[in-house]
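The primary structure of each chain is shown beneath.
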Amino acid sequence: MASSGPYAHELNVALLAVQRATLLTKSVFHSHAKGTLSKNDASPVTIGDFGAQALIIAALQHAFPNDQIVAEEEAKDLRENEQLRNTVWDLVQAAKLSDATSELTLGGPLASPDAMLDTIDKGASQGGRAGRIWALDPIDGTKGFLRGGQYAVCLALMVDGHVRVGVLGLPNLPESDAEPLVEGIGAEQTDADGKGVLISAVEGQGAQSRALTRGPLASPHSIQMKPLARVSDATFCESVEAAHSDQSDSARIAAALGISKPSVRMDSQAKYGSIARGAGDLYLRLPVRKDYVEKIWDHAAGDLIVREAGGEVTDVEGKRLDFGLGRTLKANKGVVAAPRGVHGEVLGVVKKVLSEKK
Ligand SMILES: Nc1ncnc2c1ncn2[C@@H]1O[C@H](COP(=O)(O)O)[C@@H](O)[C@H]1OP(=O)(O)O
Ligand SMILES: [Mg+2]
Ligand SMILES: [Mg+2]
Ligand SMILES: [Mg+2]
């Protein structure tokens, strides 16, 4: 059970909802064809994305019926494809937590396939700066998920434009905080013992990690970023996909900071989770295309978790990420996440290297 204090109930519901959805995605990885479709922007979506979104929104609507939800996916493809819809429905029905009290907190099963489609489409809020809004990425790093690499189920609560609660379901990260970072992981290693965590934070209350279980939530421990005496000792994380973050810019920035260790490339908000628990130090996301606008669900939980673990998160110009402008981070470009004590130094080099490009 989560502790008392502000947002204790929200955290508990978010943890259980993310736990249930993460277990669904694991079942897709192990036993199903993934039902991969290509979206308009050529990015992939799978039955795991749809199923996880349905389950999490159902839980939020049960516990907090008046809250808005900004979620990545929509049900259109499922409405047009009966076979796909039935596959997702089977998955969603099978994804029950073994702990009856937890299932009760989440409101139990969905009523019908049509209710499932309508639930998925409840994630269409336009967001904004007023009131309680949840940001949901049912599978972040879908390409990593398909490769057997890192991916994350991401949920955050914003109140009046500020992130107050963040939860990341990270089924392919090691349970131990200290384990050195490796680039992705092989499919044969997934679901091994000692894999999978739920990392969470509440504003002003620090960040925590716990093992991803099938039964009741495991007890958490608090996590912090690693103290970093010199930036040159840092390990930095970046995207696997070169189209998501400029890997030649990051190499120049690393060299200018005196960093000799190669970057660790991993998909998804696992990067935020990893640096927050001290398994890495810096996360750089450097714009590739001028016209790409980041989505709030790709950053909300990770931003809070890193800041609560002792870090600073800004864009490449040094501005805090602004989650109150709608479904996107339209006022920001890229991400620079680092321990608070060295963020200024890292940002200075990022600005210098990027300005030299112009
Ligand atoms: N051109 C781009 N620049 C930055 N991020 C992108 C770009 N295209 C897609 N993304 C998003 O990057 C996220 C994954 O990032 P990472 O590389 O850190 O794993 C996905 O949510 C993906 O969104 P989408 O799901 O819409 O494809
Ligand atoms: Mg996507
Ligand atoms: Mg994403
Ligand atoms: Mg996604």
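All of these numbers come straight from a predicted model, not from anything done at the bench. (Residues numbered from 1 in each chain as written. Chains lettered and ligands numbered in written order. Predicted model: local features only at pLDDT ≥ 70, side-chain atom pairs only at ≥ 80, totals over all residues. Heavy atoms only, no water.)

### Focus on the sheet that holds strand S13 (residues 311–314)
- With respect to topology, five strands assemble into an open sheet ordered S11-S10-S12-S14-S13, the strand pairing being mixed. With partners counted over all chains shown, the strands left at the sheet margins are strand S11 (264–265) and S13, one partner each.
- In this sheet, strand S14 (residues 335–339) lies alongside S13 in antiparallel orientation, the contact comprising four bridges. Bridge pairing links Gly311 to Pro339 in S14.
- In this fold helix H8 (residues 247–256) packs onto strand S10 (236–238), S11 and strand S12 (282–285), with an angle of close to 170 degrees to the strand it touches most, S10.
- The sheet contacts of helix H10 (residues 300–308) involve S13 and S14, and relative to S13 the element is tilted by about 145 degrees. (Pairing = 2+ DSSP bridges. Helix = DSSP H or I, 4+ residues; strand = E, 2+ residues; numbered from the N terminus. Contact = heavy atoms within 4.5 Å. Axes fitted to C-alpha atoms, helices over the stretch in contact; angles between N-to-C directions.)

### A short note on the UniProt feature "binding site: Mg(2+)" (unreviewed entry) in the protein
- Those places that UniProt annotates as "binding site: Mg(2+)" (unreviewed entry) correspond, in this numbering, to Glu72, Asp137, Ile139, Asp140 and Asp298. A compact arrangement is adopted by the annotated residues: their sequence extent is 227 residues, whereas the largest C-alpha distance between any two is 9.7 Å.
- Taking relative accessible area as the criterion, Glu72 reaches 23% and is therefore assigned partly exposed.
- With near-sequence residues (within four places) excluded, Glu72 lies in contact with Lys39, Gln53, Leu136, Asp137, Pro138, Ile139, Trp297 and Arg327.
- The topology assignment puts Asp137 in strand S4 (residues 132–140).
- Here Asp137 is in contact with Glu72, Ala152, Val153, Cys154, Trp297 and Asp298, once residues within four sequence places are set aside. (UniProt positions renumbered as here; feature names shortened; annotations may be inferred. Buried < 20%, exposed > 50% of the residue type's maximum accessible area, 1.4 Å probe, protein only.)

### Things to note about the packing of helix H2 (residues 47–63) against helix H4 (residues 82–94)
- At a closest axis distance of 9 Å, the pairing of H2 and H4 adopts a crossing angle of 55 degrees. In terms of orientation, H2 lies oblique with respect to H4. Crossing of H2 over H4 shows right-handed handedness. Across from Ile47, Phe50, Gly51, Ala54 and Leu55 in H2, the residues of H4 making contact are Leu84, Thr87, Val88, Leu91 and Val92. (Parallel < 35°, antiparallel > 145°, perpendicular 65-115°, else oblique. Left-handed = near helix turned anticlockwise from the far one by under 90°.)

### Some thoughts on the nonpolar core
- Core analysis: the biggest nonpolar cluster contains 41 residues, and Leu170, Tyr272, Ile296, Val306, Phe323 and Ala337 have the highest contact counts within it.
- Taken together, the elements giving at least two residues each to this core come down to S4, strand S5 (152–159), strand S6 (162–174), strand S7 (195–202), helix H9 (270–276), H10 and S14.
- Split by domain, this core shows at least three residues from each of two domains, domain 1 (8–223) and domain 2 (231–355). (Core = buried A, V, L, I, M, F, W, Y, C linked by side-chain atoms within 4.5 Å. Domains from an automatic or database assignment.)

### Quick notes on the coordination of the magnesium ion (ligand 4)
- Around the magnesium ion (ligand 4), the protein contributes the donor atoms Glu72 (OE), Asp137 (OD) and Ile139 (O), at 2.0 to 2.2 Å from the metal centre.
- Every donor residue of the magnesium ion (ligand 4) comes from the same chain, spaced as E-x64-D-x1-I.
- The metal-metal distance between the magnesium ion (ligand 4) and the magnesium ion (ligand 2) comes to 3.3 Å, with Glu72 coordinating both. Within this pair, whereas Glu72 is found in the loop between strand S3 (68–71) and helix H3 (76–79), its partner Ile139 is found in strand S4, the two being separated by 67 residues in sequence.
- A relative accessible area of 1% means that Ile139 is categorised as buried. (Donors = N, O, S within 2.8 Å, 3.2 Å for Na, K, Ca; no water.)

### Re the sheet that holds S5
- The sheet built from seven strands is open, its strands ordered S3-S4-S5-S6-S7-S8-S9 with mixed pairing. Two strands in the sheet have a free side with no partner beyond their single neighbour: S3 and strand S9 (221–223). Across the sheet, the mean angle separating the axes of adjacent strands is 20 degrees when strand polarity is ignored.
- Where strand S8 (residues 207–211) and S9 come together, three bridges link them in antiparallel fashion. Counted as the bridge partner of Ser209 is His221 from S9.
- Seen against the sheet, H2 touches S3, S4 and S5 and runs at an angle of roughly 155 degrees to S4.
- Lying over the sheet, H10 contacts S4, S5, S6, S7 and S8, oriented at roughly 95 degrees with respect to S6.

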